[in-house]
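Chains, contacts and geometry: an overview
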Amino acid sequence: MASLRTQVACSGDVGSETMNSEAEVDCGRDATEMESGGDRDGVLKTCVLEGFAERDLIQALIASLPDVHGELTSREAATEKFQDTLSQYQDQPHLLDPHLECMVNTLLEYVRREDCPPSLLHLSFKFLYVICKVRVYKIFMRRFPHEVADVEPVLELLSKQDPTDTETWWTRYILLLWLSMTCLTPFDLSRLDGNLQSEDGRAREPIMDRILAVAKSYLGVSDGCRLAAAVLVSKFMTRPDVVKKYLADFLDWSLATISQNNDQSLDSIRVLDGALQSLAMLFQHGKREDLLQHVSRVLRCLEENQLSESSQATLRKLNVKLIQRLGLTYLKPRLAPWRYQRGSRSIASTLLTSRAAESVKGTTQEEEDYDIPEELETVIEHLLVGLKDKETIVRWSAAKGVGRVTGRLPKELADDVVASVLDCFRFQETDTWHGGCLALAELGRRGLLLPSRLTDVVPLIIKALIYDEKRGACSIGSNVRDAACYVCWSFARAYDPKELKPFVNQIASSLLVTTVFDRDVSCRKAASAAFQENVGRQGTFPHGIDIATAADYHAVGMRNHCYLNTSVYIASFPEYTQAMIDHLVSKKVNHWDGAIRELTSKALHKLTPQAPDYMATSVLPQLLSTAVASDLQGRHGAILACAEVTYALYKLGSRTGRSTADIIPSECVEALKGIHQKLQDKKQYRGFGGELMRPAMCRLIEKLSLSKMPFKSDPVITGWQELIDDTIKTLHLVSSGVKDAILAAVLCALSALCEEFYKAQPDQADSDKQSALVRQYMAELQSPQMLTRCGSALALGSLPGFMIRGKLKQILDGLGRMHAACLRERRFPEARRDAVRALAQVCMKAGVRGGGPPESFLCSENIADVYDVLLDSMDDYTTDSRGDVGAWVREAAMTGLKDVTILVSRTAPEVLLPNQVKHMMCGLARQSAEKIDHYRAHAGTVFVQLLHCGDAVVPHIPHREELLSIFPPEVETSLNWKAPSQAFPYITRLLGLPEYQYQTLLGLTVSVGGITQSTVTASSHALFDYLRGIQRDGAALQHFAMDALIRILRENLHNTRIALPFLKMLNQLLSNGCFDIFTTEENHPFCVDLLALCEVVKRSKDVYKLRACVAVYCGLIQFPGEVRKEILHQLLVLICHSFLVVRTTTASLMYEMLLTYDDVVDPDVLDDVMTLLSDTNWESEPAILRPTRNQLRELLGVPTQRRLAQNGGLLSMRLIALQRGRRPPKWEIGGRPVRRRRRRRLGGDGCEEKGQWMRSARSTRRRRPQ
């Protein structure tokens, strides 16, 4: 399908910048999407259209116009549906052709009605414009009726339109196109004038004058009607009856317009644009005999006004276009008899026969001798200059002009033009090369580039296919490479296979190199299309069908795939292997883009098995010389390539029992060993260059270590280690964008270096090296530089297992102290994250052994310390200017817990304690209920993996059976934890398990009370569903409310991260009636406890907390009893708060509260209370509002002094105890009696020194003077 798609895109005449541009537009794909390997369905859908499937829908929409035109909404909906439907056929508009006439005629019927309202008229023309846009006006306008009877109505309707109305410009556009078609009537238009004397005695204007006036008036407008007016001029002015009367005058007017305007203002630019467009179309469609006498005058005017030097690219393009039309008018319209003519152009015949079915047919027709005007030299000069223009549209127009004009020249003059085009390639300028390639493609496509010229042209095209001119930190030249592909595509269609046979290998190799290795996706696709075209039409490209299938349109859209997969397949054919390797070494190793250099090294690694000897004896020496050269980018790419090629040769040798030293020449081995010292001597590890050299050298160290190079005990090992250590120490000096990449390279190098060169015996470390490394990195864990801490911690984690044994306890203690110090200092979250990562890595590499020893293995003696650090890290919610940076630590802790727990469960499950597993699973449950999608998904995935970890069963998981029923094995792959609507229904089921209820609800709190709408909606709905399920279970609801909900607020009163979302969540719970069962009891403990805790929150200066607290108070008003007066008292205090927004919010919510709960206020005073709340300006100062507040207090029956010592002092005691942050005695919470001796000691009514309690209560009620 992909090859078919590209073939279709490239089979016709090219009408855009290059052939590849057509392929891009036809397939409707964005280059960046294909670069990232995006969804391909969008492309495939455009390829499967086989007919106009929406015909009935379109006809129904057209038929509905009389019904929908009067209503704006219906009109817009119909138009949008019509546009969306037809836009599907933008790539295959020919499918509409059988139905165009029916659609056009139906719409024109509405227009022709005498009683057609303006809205229907404009809507009909809007539909016509949509069809025209899809099918292009050149095809669409042929469907217009052009009878004599249509001329006058169309002209009359057009004259009624307002040229300045921007809302209906499409009406004028279609009318101008329709009028253009009516001008094709073969009758003399003067016959339509009849009697020019009107009824009122004034003379009427002739039809021809009216048409010309309309055309001139629209040539200077700012919308698309300017193009339609130019089309009208080209059709009208070429009529025989009009040429005699108006052509000369129109040319005079046009030339005067050009002379009188410049490109300094928008109005002048529009006028010039219209005049040039109309002249270009006029000279395109007019007869040579009529226009020849005027050509010199027009050309002279263009030169005098120097439009070729205009600052406007559009004007320069139209100037070139008009000049080429003038040149064609000078020459007789004929096909050059000397042109090259290929016999068969059928792809089928090419595929069926290995040789061309017909030989090239030379022509014996003699050239006709005639004089070539001198002005033609000026025309060609302008076109050649246009090839060098800075804008693509100008160069493209000039290239087409060169092809057209050359096709009418004698052979000798045409050859001079070709030579002039080839001269463009002598200048190292991107624009010139691009214009030259376009011109060569046009000449070749038309058979004007004779086979004798191929020896000069092909080498230039080969260079153009890899053209890349560096400019600063980037390069230019992709348009040149794209145009070179267009040349190759045109050659495939123009020449017989035997003509191109001497150049097949060069062209095929160069096209394939561009196909898989070009940086720009557009060039890769263009080269792929050109290669397919050559395979289909030439049939001589080696292995063409197989390669064209592998390197199709979609495959080349992904750069990584091209470098690492497609290139390997193509290089498996010997004809292309060396060419691809040479291109990488010569052009891509020193490429300006670092990503390309990285890919090049990996591609060379994969290509090494195709030519190992060539790599070892030819490529590697070239790379080694570049690796110590002065060019920074070349040095970087060469070092990376040396590393990858050496490792690839080692892997090849290991299969045959040969060492790396046996495969690589000895001088190359020495050169590899000496790279570091040469860079060190030249101080090339410093500055910006060091940011490239250090990771590259670390890659080389890693690959040489993995390749088992014979460097053991060599001084170079010390130098490598010093480079690694110095890089870790100086990480804080490098740019932030490359820190992670440098650190990753350092860690890989350290691990490989230790594994190969620091072993005294198999699986036993060199004790001196081990002690030195561990001691050094342990000391740097306390460095004042964060990145040094991070690097040192990760370095400890990257050490092989044999380097850790004997030092495990020391390493674990050091990482634990570093984590604790960073946590205590409340800084360096990255260091805490990396400490956690390193801790887990060290445990994984040390292994588990139940009996120890703790210095070498994870065992029962040290596992508690490890779990303490990991579990504490799950509670890291540090925030700074970057946001929730503690999430990095939590994620690392979750990953570490998973890895360590699974390892311990498989090896020695007896060392795991139940409390550790319980805390871990509860913590994961909380994390899987929180609001950030990424971390929720990670926690949920870890939770399920621990539950279903295959061969290892994690012991001591609370409620394992219930969890397995909630999360069956298939959930591990089917559940999308990042989708809140999928995740939270599973999470809320954990609320029914006592061990998980508190932690799960704690996580849900920040989700339900968050700000992300999707998360809030999904989590709140899931929580409401759970609570509805336990409404009839009073004990479960009581346990949820009192032991979980109240506990969260009590323990997080001063933690804004929890308290604010909790209040929002509580407001939702109260609003949705989740605790209606409690409202049947007066002064329910749930309400009393919440009221007391909200009293503490109310003292905050956080506006958001205060507003949420007001909402909770209004929700608690539904609870009856003495608490209702206390709630009203708190609301009346807040209604005079010093913060304006708190006052207005309180008044608004109180108004809504009284509307919702009609039993709060006595009906006799309800209207007065509502009036005061609604009419008072609560934005006034508190001092002004206090009298109103006091009036509300009287109406609501709220005493000035709070009376809490009722009900035996119970309410007062609960409020005071909770406000002071103490948990009330259990006899208070549950209302259950306690032993008489205890109550007697406290006092008869449960209060010790009752007077003292009351004095404390009064002290808590002190406020500002009322």
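The structure displayed is predicted, hence computed values, not measured ones.

A look at the overall build of the chain
Across its full length, the chain holds 65 helices and four strands. For the chain, the share of sequence-separated contacts (at least 6 apart) that also reach a separation of at least 24 residues comes to 73%. Carbon and sulfur atoms form 49% of the exposed surface of the chain, whose accessible area is close to 53,900 Å².

Thoughts on the environment of Leu-903
Checked against the element boundaries, Leu-903 lands in helix α46 (residues 886–907). When the C-alpha positions of Leu-903 and Val-848 are compared, they lie 7.4 Å apart, and in sequence the two are 55 residues distant. Filtering out sequence-adjacent residues up to four positions away, Leu-903 remains in contact with Cys-843, Met-844, Gly-847 and Val-848.

Quick look at the side chain of Ser-1007
Residue placement: Ser-1007 occurs in helix α52 (residues 994–1008). Discounting residues that sit within four places of it in the chain, Ser-1007 has contacts with Ala-929, Glu-930, Lys-931, Phe-984, Thr-1015, Val-1016 and Ser-1019.

Focus: the nonpolar core
Membership of the largest hydrophobic core comes to 409 residues, with the highest contact counts inside it found for Phe-1075 and Phe-1086. Considering every element that reaches this core, the biggest residue donor is helix α9 (residues 118–135), with 11 residues. Filtering out sequence-adjacent residues up to four positions away, Phe-1075 remains in contact with Leu-1037, Phe-1040, Ala-1041, Leu-1045, Leu-1069, Leu-1070, Phe-1086 and Phe-1119.

A look at helix α39 (residues 739–757)
In this model α39 runs 26 Å from its N-terminal to its C-terminal C-alpha over 19 residues, within 8% of the 27 Å that 1.5 Å per residue would give. Buried residues along α39 sit against α37 (687–706), α38 (715–729), β3 (759–761), α40 (767–780), α41 (786–798) and α42 (801–804).

A closer look at unusual backbone geometry
For Gln-306, which is not glycine, the phi torsion reads 50° and is therefore positive. Among the secondary structure elements, Gln-306 is positioned in the loop between α17 (288–305) and α18 (313–330). We classify Gln-306 as partly exposed; its relative accessible area is 47%.

Points about helix α22 (residues 411–423)
Taking 1.5 Å as the rise per residue, α22 with 13 residues should run 18 Å; its terminal C-alpha atoms sit 18 Å apart, in good agreement. When we look at burial in α22, the residues that qualify are Ala-414, Val-417, Val-418, Val-421 and Leu-422. Angularly, the buried residues of α22 cover 140° about the axis, an arc narrow enough to put them on a single face. If you follow the buried residues of α22, they end up packed against α20 (375–386), α21 (392–406), α23 (430–445) and α24 (454–465).

What to know about the pattern of salt bridges
Considering all chains together, one arrives at 49 salt bridges under this definition. With a shortest N-O distance of 3.8 Å, Arg-55 and Asp-56 are connected by a salt bridge. With relative accessibility at 37%, the residue Arg-55 sits in the partly exposed group. The class for Asp-56 is exposed, based on a relative accessible area of 52%.

What to know about the packing of aromatic side chains
Here the structure, examined in full by the defined rule, presents 30 aromatic pairs. When the centroid spacing of 5.1 Å and the interplanar angle of 55° are considered together, the rings of Phe-517 and Tyr-563 count as tilted. Separated by 46 residues along the polypeptide, Phe-517 in helix α27 (residues 504–517) and Tyr-563 in helix α30 (residues 559–571) bring together distant segments of the chain. Taken together, the aromatic side chains of Phe-943, Phe-967, Trp-977, Tyr-986 and Tyr-996 make up a single cluster linked through ring pairs. Across the ring face of Trp-170, the terminal group of Lys-126 is positioned such that the distance to the ring centre comes to 4.3 Å. Just above the ring of Tyr-877 sits the side chain of Arg-1057; from NZ or CZ to the centre is 3.5 Å.

Notes on the confidence of the model for the chain
Confidence in the prediction of the chain, expressed as mean pLDDT, is 86, and 88% of residues score 70 or more. This model gives residues 1–47 a pLDDT under 50, and the stretch forms 101 contacts once residues within four places in sequence are excluded. Every residue in residues 353–365 is under pLDDT 50, and counting partners more than four places away or in other chains gives 15 contacts.

Digging into a negative patch on the surface
A grouping of Glu-303, Glu-304, Glu-374, Glu-375, Glu-377 and Glu-381 is seen on the molecular surface, where their side chains present a negatively charged patch. Those elements that place two or more of their residues in the negative patch are α17 and α20. Top element by residues in the negative patch is α20. It accounts for three residues. Tracing the sequence through the fold places Glu-377 in helix α20. On the basis of relative accessibility, which here comes to 62%, the residue Glu-377 falls in the exposed class.

Let's talk about the packing of helix α57 (residues 1103–1116) against helix α58 (residues 1122–1134)
As a packed pair, α57 and α58 sit with axes 10 Å apart at the nearest point and diverge in direction by 150°. In this view, α57 runs roughly antiparallel relative to α58, as classed from their interaxial angle. Relative to α58, α57 is oriented so that their crossing is left-handed. Here Leu-1106, Val-1110, Tyr-1113, Cys-1114 and Leu-1116 of α57 lie close against α58, whose contacting residues are Ile-1127, Gln-1130, Leu-1131 and Leu-1134. In the contact of α57 with α58, the residues fall into eight nonpolar, one polar and no charged.

Regarding the environment of Val-298
Relative to the helices and strands, Val-298 is located in helix α17. Sequence separation of Val-298 and Leu-279 is 19 residues, and the distance between their C-alpha atoms is 9.1 Å. With near-sequence residues (within four places) excluded, Val-298 lies in contact with Leu-255, Phe-283, Leu-322 and Leu-326.

Remarks on the side chain of Gln-161
Mapped onto the elements, Gln-161 comes out in the loop between α11 (151–159) and α12 (169–182). Looking at Gln-161, the relative accessible area reads 12%, which means it is buried. Separated by 3.2 Å, the side chain of Gln-161 and the backbone oxygen of Leu-157 make a polar contact. In this structure, Gln-161 is in contact with Leu-121, His-122, Thr-171, Arg-172, Leu-175 and Tyr-218, ignoring residues within four places of it in sequence.

Some thoughts on the packing of helix α43 (residues 808–825) against helix α44 (residues 829–846)
Where α43 meets α44, the closest approach of the two axes is 9 Å, and the angle between their N-to-C directions is 160°. The orientation of α43 relative to α44 falls into the category roughly antiparallel. Between α43 and α44 lies a crossing of left-handed hand. Two secondary-structure elements touch here, α43 through Leu-808, Ile-811, Leu-812, Leu-815, Met-818, His-819, Cys-822 and Leu-823 and α44 through Ala-831, Arg-832, Ala-835, Val-836, Ala-838, Leu-839, Val-842, Cys-843 and Ala-846. Of the residues in the contact of α43 with α44, the class split is 15 nonpolar, one polar and one charged.

Points about the environment of Ile-476
As for its position among the elements, Ile-476 is in strand β2 (residues 474–476). Not counting residues up to four positions away in its chain, the partners in contact with Ile-476 are Thr-430, Tyr-467, Asp-468, Glu-469 and Arg-471.

How each quantity is defined
Residues numbered from 1 in each chain as written. Predicted model: local features only at pLDDT ≥ 70, side-chain atom pairs only at ≥ 80, totals over all residues. Heavy atoms only, no water. Helix = DSSP H or I, 4+ residues; strand = E, 2+ residues; numbered from the N terminus. Contact = heavy atoms within 4.5 Å. Areas by Shrake-Rupley, 256 points an atom, 1.4 Å probe, with all protein chains shown as cover. Core = buried A, V, L, I, M, F, W, Y, C linked by side-chain atoms within 4.5 Å. Buried < 20%, exposed > 50% of the residue type's maximum accessible area, 1.4 Å probe, protein only. Expected span 1.5 Å × (residues − 1). Arc of directions from axis to C-beta. Salt bridge = Lys/Arg side-chain N within 4 Å of Asp/Glu carboxyl O. Phe/Tyr/Trp six-rings, centres within 6.5 Å; stacked < 30°, edge-to-face > 60°. Lys NZ or Arg CZ within 6 Å of the ring centre and 35° of its normal. pLDDT = per-residue confidence, 0-100. Patch = residues over 30% accessible without salt bridge, like charges linked within 9 Å, V, L, I, M, F, W, Y side chains within 5 Å. Lys, Arg positive; Asp, Glu negative; His and termini not counted. Charge placed at Lys NZ, Arg CZ, Asp CG, Glu CD. Axes fitted to C-alpha atoms, helices over the stretch in contact; angles between N-to-C directions. Parallel < 35°, antiparallel > 145°, perpendicular 65-115°, else oblique. Left-handed = near helix turned anticlockwise from the far one by under 90°. Nonpolar A, V, L, I, M, F, W, Y, C, P; charged D, E, K, R; others polar. Polar contact = N/O pair within 3.5 Å; in protein donor to acceptor, adjacent residues only side chain to side chain.

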